[in-house]
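The primary structure of each chain is shown beneath.
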Amino acid sequence: MIGQRQPVQTGNLIGGERHEAASGRTFESRNPAHRSEVIGEFPQSSAADVDAAVAAAQRALAGWRATPWPRRGEIVLAAAQIMERSKEELAALMTREMGKVLTEARGDVQEAIDMGKFIAGEGRRAFGETVPSELRNKWAMTMRQPLGVVGCITPWNFPIAIPSWKIFPAVMAGNTVVFKPAEDTPACALRFVEILEEAGLPSGVVNVVFGDHEAGDAVVRHRGTVAIFFTGGAETGRLIAATCGQMLKKVSLELGGKNGIVVLDDADLELAVEGALWGAFGTAGQRCTASSRLIVSAGVLAQFTEDLVARTSALRIGDGLDDAVDVGPVINEMQLARIHGYTEIGAQEGADLLIGGEVARAGDLADGFFYTPTVFGGVAPTMRIAQEEIFGPTTAIIPVGSVDEAIAAANSTQFGLSLSIYTNDLRVAFRAINDLESGIVYVNAPTIGAEIQLPFGGTKNTGNGHREAGGRVLDEFSEPKSIYIDYSGRLQRAQIDTDAT
Ligand code: NAD
């Protein structure tokens, strides 16, 4: 257990035991709001550690896949219930390690609780199909089978929710797991797995290797992992997909976004401004679904801009543990520099910097990675700040003159995760639902706020066609086996024999 302020020291969790990295190397996790605060020290893993983790997962596989589905469901449910009881502790740890404000950290934990409860039900509902055969006295049906040892590689921005989206359904379906969490949020990952252990998950079913891209790459390349479930950046996704393609390995990719809110002339403007503020600056803009483009119709452009800038100027930046704070730090120094780089790019491209655009260094803020919430106006859809994922508290107002232009602008990026429209015209709303090219569409709500009982994922370069969560999630984490039982007592040839009685 991680005490409130005690730095944690741990090894990798392999086969129920703690192991140092084979190399003996370690890395630190630090609080992005107070970089002097060390959250913990973790093993810097490499291929040798991944070998050990895969071997442990392989040893655990036979016993776990033979465990009845309802029993597996009970363990997942127990984990969700422990998380429910530990919600405050987990949220506080997350705020200290990742920086998001406490209210949002609680939401992150709640998402994992919801996912656990939802998936636990599959223990008694993991249906196969019974399908009519074309031949007499022949029975045809399907059942679900686990994939085997799967690799789960996660980012830092939802340090508990995203692991839960992968690991709960993976173990529910009878797989065993090698988990490589993000190097910026290892303590959250550790707590998540400790809770699984406490819930009664047998040793070796989930094994954790801490570390960076080297460990992640070793998980992907290992011949013992039969499928990779990855959430992270598009460039990393491309590399992983190439390796998995060569190895004929299943790979599910949840990648970046460049999400946009369309605001039309008939929109409820107050609602739209509030939505834009939450969508752009929630989690300091570090959501794959962040509203980083605001596509605003000419009739409301001036008012929308004025109101948004006024509301942005009132946002309070600081340590997310402080209830009065709206926007926490960004994750690390590299991201801070990258975000500021985009401010410079926007200015060079000729966009109007309306507010923000600075590293915040006043007082205590100098000890963390803080960036002032930033709004650009007069942005063209083709500009880099309207095309590339910034992953920080920066948003771009793109003026448009018609519904057609708005929808075209919304669709004009390589990504297709989440798009939204504010309008009170039912016909326009339904047209947008149909024409917006994204995995998720919101009407009169910002681009963030997914619920776990619906599929999550995107079109175009946001992924490779898979979806997480939702009612069909087990399709991703299991394989169907088709079974034919011929009780006719003679050879019956499908497609050849006619309907002989
Ligand atoms: P990242 O791609 O740098 O890292 C993600 C994970 O992959 C980390 O655990 C990292 O160590 C590992 N990794 C890095 N290089 C690797 C390699 N070559 N092989 C194997 N593993 C490797 O991403 P990040 O900075 O942690 O996260 C931010 C990105 O994640 C953003 O682009 C964001 O949009 C995306 N994201 C997407 C979703 C979604 O569901 N679509 C959700 C959250 C975040």
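The rules behind these values
- Residues numbered from 1 in each chain as written.
- Predicted model: local features only at pLDDT ≥ 70, side-chain atom pairs only at ≥ 80, totals over all residues.
- Heavy atoms only, no water.
- Helix = DSSP H or I, 4+ residues; strand = E, 2+ residues; numbered from the N terminus.
- Rg over C-alpha atoms; globule rule 2.2 N^0.38 Å.
- Buried < 20%, exposed > 50% of the residue type's maximum accessible area, 1.4 Å probe, protein only.
- Contact = heavy atoms within 4.5 Å.
- Areas by Shrake-Rupley, 256 points an atom, 1.4 Å probe, with all protein chains shown as cover.
- Lys, Arg positive; Asp, Glu negative; His and termini not counted.
- Charge placed at Lys NZ, Arg CZ, Asp CG, Glu CD.
- Salt bridge = Lys/Arg side-chain N within 4 Å of Asp/Glu carboxyl O.
- Polar contact = N/O pair within 3.5 Å; in protein donor to acceptor, adjacent residues only side chain to side chain.
- 1 Å grid on protein atoms, 1.4 Å probe; cavity = no way out; pocket = protein on both sides within 12 Å on 5 of 7 lines; lining within 4 Å.
- Points joined across faces, edges and corners; volume = space filled by probe spheres on them.
- Disulfide = S-S within 2.5 Å.
- Near = heavy atom within 4 Å.
- Pairing = 2+ DSSP bridges.
- Right-handed = clockwise from strand over helix to strand, strands pointing away.
- Expected span 1.5 Å × (residues − 1).
- Axes fitted to C-alpha atoms, helices over the stretch in contact; angles between N-to-C directions.
- Parallel < 35°, antiparallel > 145°, perpendicular 65-115°, else oblique.
- Left-handed = near helix turned anticlockwise from the far one by under 90°.
- Nonpolar A, V, L, I, M, F, W, Y, C, P; charged D, E, K, R; others polar.
- Domains from an automatic or database assignment.

**Student:** Tell me what's going on with the overall build of the protein chain, and back it up with residues and numbers.
**Tutor:** Helix and strand counts for the protein chain stand at 15 helices and 22 strands. By the compact-globule yardstick of 23 Å for 501 residues, the protein chain fits well, its C-alpha radius of gyration being 24 Å. For the protein chain, the spread of C-alpha atoms along the principal axes amounts to about 80 × 60 × 40 Å. Counting over 501 residues, the protein chain shows a buried share of 57%. In the protein chain, the proportion of contacts linking residues at least 24 apart, taken out of those at least 6 apart, comes to 74%. If you sum the accessible surface of the protein chain, you get close to 20,300 Å²; carbon and sulfur atoms cover 52% of it. Averaging the coordinates of the 44 positive side-chain charges in the protein chain and doing the same for the 62 negative ones gives two points 8 Å apart.

**Student:** Hey, could you go over the side chain of Glu97 for me, with residue numbers and the actual values?
**Tutor:** Among the structural elements, Glu97 can be located in helix 3 (residues 87-98). Buried within the structure, Glu97 lacks any salt-bridge partner; its nearest side chain of opposite charge belongs to Arg96, at an N-O separation of 8.7 Å. Within polar-contact distance, the side chain of Glu97 engages the backbone nitrogen of Ala187 at 2.9 Å. Ignoring anything within four residues of it in the chain, the contact list for Glu97 reads Ser29, Arg30, Pro32, Ile39, Asp184, Thr185, Pro186, Ala187, Cys188 and Ile331.

**Student:** Give a detailed account of empty space enclosed by the protein, specifying residues and quantitative values.
**Tutor:** As enumerated under the stated definition, the model contains four cavities of 30 Å³ or more in all. Put simply, the largest cavity is a space of about 60 Å³.

**Student:** A description of the state of the cysteines should follow, citing residues and the corresponding values.
**Tutor:** Under the criterion given, the structure shown has zero disulfides. For Cys152, which is in no disulfide, the shortest distance to another cysteine sulfur is to Cys244 and amounts to 12 Å. Given a relative accessible area of 0%, Cys152 falls into the buried group.

**Student:** So, the site of the ligand: which residues are in play, and what are the values?
**Tutor:** Lys180, Glu183, Thr236, Leu255 and Glu389 are the nearest of the 29 residues found near the ligand. Note that an oxygen atom of the ligand is positioned 3.2 Å from one of the side-chain N or O atoms of Trp156. One of the side-chain nitrogen or oxygen atoms of Glu389 is found 2.5 Å away from an oxygen atom of the ligand. Relative to its unbound accessible surface of 840 Å², the ligand loses 87% to contact with the protein.

**Student:** An account of the pairing of strand 9 (residues 176-180) is requested, with residue identities and associated values reported.
**Tutor:** Sheet faces and side chains relate simply in a regular strand, where the side chains alternate between the two faces. Taking burial as the measure, the five residues of strand 9 include five buried ones, the bulk of the element. In strand 9, alternate side chains face the same way, and those of Thr176, Val178 and Lys180 on one face and Val177 and Phe179 on the other are all buried. Pairing geometry for strand 8 (residues 149-153) and strand 9, over five bridges, is parallel. Looking across to strand 9, one finds that Ile153 is bridged to Lys180. The handedness of the strand 8 to strand 9 crossover, carried by helix 5 (residues 161-172), is right-handed.

**Student:** If you had to explain helix 9 (residues 269-281) to someone new, which residues and values would you point to?
**Tutor:** Helix length check: helix 9 (13 residues) gives 18 Å between terminal C-alpha atoms against 18 Å at 1.5 Å per residue, within 8%. All of the buried residues along helix 9 are Leu269, Ala272, Val273, Gly275, Ala276, Leu277, Gly279, Ala280 and Phe281. Thr283 lies just past helix 9 and shows a positive phi near 55 degrees.

**Student:** Would you mind going over the packing of helix 2 (residues 69-85) against helix 6 (residues 186-198) in detail, with residue names and values included?
**Tutor:** At their nearest, the axes of helix 2 and helix 6 sit 8 Å apart, and the two run at 125 degrees to each other. For the element pair helix 2 / helix 6, the angle class is oblique. With respect to the hand of their crossing, helix 2 and helix 6 are arranged in right-handed fashion. Across the interface between the two elements, Ala79, Ile82 and Met83 from helix 2 touch Phe192, Ile195, Leu196 and Glu198 from helix 6. Along the lines of polarity and charge, the residues of the contact of helix 2 with helix 6 split into six nonpolar, no polar and one charged.

**Student:** An account of the layout of surface pockets is needed here, citing residue identities and associated values.
**Tutor:** Roughly 1,200 Å³ of internal volume is contained in the largest pocket. Around the largest pocket sit 41 residues that line it, and Trp156, Phe230, Gly232, Gly233 and Thr236 are the ones nearest its centre. Looking at the lining of the largest pocket, the elements with two or more residues in it are helix 7 (213-221), strand 11 (227-231), helix 8 (234-247) and helix 11 (333-349). The element best represented in the lining of the largest pocket is helix 8, accounting for seven residues. No fewer than three residues from each of domain 1 (44-255 + 463-481) and domain 2 (259-443) sit in the lining of the largest pocket. Estimated volume of the second largest pocket: approximately 440 Å³. Lining the second largest pocket are 27 residues; nearest its centre among them are Glu111, Phe158, Arg287, Gly449 and Ala450. Contributing elements (two or more residues each) for the lining of the second largest pocket: helix 4 (102-120) and helix 5. Considering each element in turn, the lining of the second largest pocket owes the most residues, seven residues, to helix 4. Residues that form the lining of the second largest pocket fall into these classes: twelve nonpolar, seven polar and eight charged.

**Student:** So what about the sheet that holds strand 22 (residues 478-486)? Which residues, and what values?
**Tutor:** One open sheet holds the three strands; their spatial order is 6-7-22, and the pairing between them is antiparallel. Edge positions in the sheet fall to strand 6 (130-132) and strand 22, since each has one partner strand and no second. Sheet twist, expressed as the average angle between the axes of neighbouring strands with direction ignored, equals 25 degrees. Note: strand 6 against strand 7 (residues 138-146), three bridges, orientation antiparallel. Residue pairing in the sheet places Pro132 in a bridge with Trp139 of strand 7.

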